[in-house]
Amino acid sequence: MAAPPRTGERRVFTSPALAGHDDVLVPAGAFLMGDAFGEGYPSDGELPVHPVKLEAFRIDATAVTNGMFARFVEATGHRSEAEDFGTSAVFHLLLKAPRSAVLGAAAGAPWWLNVRGADWAHPAGPDSHWSEVADHPVVHVSHNDALAYCEWAGRRLPTEAEWEYAARGGLSGKRYAWGDELTVSGEHRCNIWQGTFPALNTAADGFPGTAPVRSFPPNGYGLHEVAGNVWEWCSDMFHPGYYGMSPVENPQGPRAGSGRVMRGGSYLCHDSYCNRYRVAARTSNTPDSSSGNCGFRTVALDPVSPE
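Residues numbered from 1 in each chain as written. Predicted model: local features only at pLDDT ≥ 70, side-chain atom pairs only at ≥ 80, totals over all residues. Heavy atoms only, no water.

**Some points on the sheet that holds strand β17 (residues 294–295)**
Then, in step 1: The 4 strands are arranged β16-β15-β14-β17 in an open sheet whose pairing can be described as mixed. If you trace the sheet from one side to the other, it starts and ends with β16 (282–285) and β17, each paired once.
Then, in step 2: With 4 bridges joining them, strand β15 (residues 260–263) and β16 adopt antiparallel strand pairing. Bridge assignment links V261 to a residue of β16, and that residue is S284. (Pairing = 2+ DSSP bridges. Helix = DSSP H or I, 4+ residues; strand = E, 2+ residues; numbered from the N terminus.)

**Some details on the environment of M262**
Then, in step 1: Mapping M262 onto the fold places it in strand β15.
Then, in step 2: Distance from M262 to N285, taken between C-alpha atoms, is 7.3 Å for residues 23 residues apart in sequence.
Then, in step 3: Among residues more than four places away in sequence, those in contact with M262 are W231, E232, W233, R282, T283, S284, N285 and C294. (Contact = heavy atoms within 4.5 Å.)

**Looking at the pattern of salt bridges**
Working definition: two side chains of opposite charge can pair if their charged atoms are close together.
Then, in step 1: Applying the stated criterion to the full structure yields 15 salt bridges.
Then, in step 2: For R278, the salt bridge identified is with E46, shortest N-O distance 2.9 Å. Highlighted residues: R278 in the loop between β15 and β16 and E46 in the loop between β3 (29–33) and β4 (50–54), separated in sequence by 232 residues. As far as the burial class goes, R278 and E46 line up, both buried.
Then, in step 3: Between E162 and R156 there is a salt bridge, with the nearest N and O atoms lying 2.9 Å from each other. (Salt bridge = Lys/Arg side-chain N within 4 Å of Asp/Glu carboxyl O. Buried < 20%, exposed > 50% of the residue type's maximum accessible area, 1.4 Å probe, protein only.)

**Quick word on the packing of aromatic side chains**
Then, in step 1: Tallied over the full model, the rule gives 22 aromatic pairs.
Then, in step 2: Note on F57 and Y165: the rings are 6.5 Å apart at their centroids and 50° apart in plane angle, and the pair reads as tilted. With a gap of 108 residues between them, F57 in strand β5 (residues 57–60) and Y165 in helix α4 (residues 160–168) connect regions that are remote in the sequence.
Then, in step 3: Residue classification places F57 among the buried positions, given a relative accessible area of 2%. (Phe/Tyr/Trp six-rings, centres within 6.5 Å; stacked < 30°, edge-to-face > 60°.)

**Re unusual backbone geometry**
Glycine aside, negative phi is the norm for most residues, and most peptide bonds take the trans geometry.
Then, in step 1: Following L47, the chain continues into P48 via a peptide bond in cis, with omega recorded as 0°.
Then, in step 2: The residue P48 is located in the loop between β3 and β4 in this model.
Then, in step 3: Notably, S185 is not glycine yet its phi reads approximately 50°, a positive angle.
Then, in step 4: Within the secondary structure, S185 sits in the loop between β10 (183–184) and β11 (187–188).
Then, in step 5: With a phi close to 50°, N250 is a non-glycine residue in the positive phi region.
Then, in step 6: For N250, the location among the structural elements is in the loop between β14 (231–237) and β15.
Then, in step 7: Taking the relative accessible area as the measure of exposure, N250 reaches 37% and is therefore partly exposed.

**Regarding a nonpolar patch on the surface**
Then, in step 1: Among the surface-exposed residues, L32, L47 and V49 lie close enough to one another that they form a single nonpolar patch of about 260 Å² accessible area.
Then, in step 2: Here L47 shows up in the loop between β3 and β4. (Patch = residues over 30% accessible without salt bridge, like charges linked within 9 Å, V, L, I, M, F, W, Y side chains within 5 Å. Areas by Shrake-Rupley, 256 points an atom, 1.4 Å probe, with all protein chains shown as cover.)

**Here's the deal with the sheet that holds strand β7 (residues 102–106)**
Then, in step 1: Taken in spatial order, the 3 strands make up an open sheet running β6-β8-β7, and their pairing is antiparallel. Across the chains shown, the open sheet's two edge strands, defined by having one partner strand only, are β6 (87–91) and β7. Pairs of neighbouring strands in the sheet enclose a mean axial angle of 35°, with direction left out of account.
Then, in step 2: With 4 bridges connecting them, β7 and strand β8 (residues 109–116) associate as antiparallel partners. Its bridge partner being in β8, G104 is matched across the sheet by N114. (Axes fitted to C-alpha atoms, helices over the stretch in contact; angles between N-to-C directions.)

**Concerning the environment of P42**
Then, in step 1: Along the chain, P42 falls in the loop between β3 and β4.
Then, in step 2: Separated by 199 residues in sequence, P42 and G241 have C-alpha atoms that sit 9.9 Å apart.

**Quick word on the nonpolar core**
Then, in step 1: One finds F69, W120, V138, Y149, W233 and F296 to be the most contacted residues of the largest nonpolar core, which totals 27 residues.
Then, in step 2: Residue assignment for this core shows that the elements contributing at least two residues are α1 (66–76), α3 (143–153) and β14.
Then, in step 3: Per element, the largest residue contribution to this core is 5 residues, and it comes from α1.
Then, in step 4: Residues contacting F69, with those up to four places away along its chain left out, are V64, H78, W120, V138, V141, D145, Y149 and F296.
Then, in step 5: Residues A167, C234, F238 and Y242 belong to the second largest nonpolar core, which totals 25 residues. (Core = buried A, V, L, I, M, F, W, Y, C linked by side-chain atoms within 4.5 Å.)

Note that every value here comes from positions in space, so none of it alone points to a role or purpose.
This is how it looks when you write it as structure tokens:
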């Protein structure tokens, strides 16, 4: 039996179902979960700050990439829900599609276009292809698609508590995964919006859309891009009042809710309307929803590395 990996140690597993997963070990421990600054949206339910204890687990160092998801599709023939629906949501400035493919804009959020032929393999619309961005996070995947991938890979989605604990990287009560300031010595630490949303993105961080995984420094546990880039599905159902009744040990989320939890924010987040790239921030969507800014990362079923 191989020795367990050290905290933060990366190890790529080579069994067929796990090929390409680059895990880090997050140690057992306790932390304070929630928004210590009172900056969250009340409807998101980031309060009260509450203690959580977790066992050790292994989690992807990065979000699942287009290349990884393509291997899954090739092996299983999986059709994503966006493919079955025939459309998905693409941000207007990133569109690569004929105008005839645009079926309309989202009510109240006209920067989101409903595009025929947009899916994980065509992330900006039918005139784009995943192979052009193979090392970027897969997007246009629903919660149900993420679960199907996990079943094939012999893995699971993280709980919301595991996600926040891992994203904090061993820091206590900080606003971001690297500290309290958004930039460090003038350097960007995440892929979010700069400029005037939704018309002008200066892309000062280097990326107008998704960024390749590992574009920004890892946190203290070795996780990349836990702020910005793409939202990440968690296993929990969402309820804004859950933190007030959440158990201390290994919380699994409420038994019922309005959707599934998403964490981390995306390349579209901006403090003028979506300050959800903070490490405590949370939101949700229905499990069949997909868009051009939501993906996922996974957790190993066994916290001890295989032989």
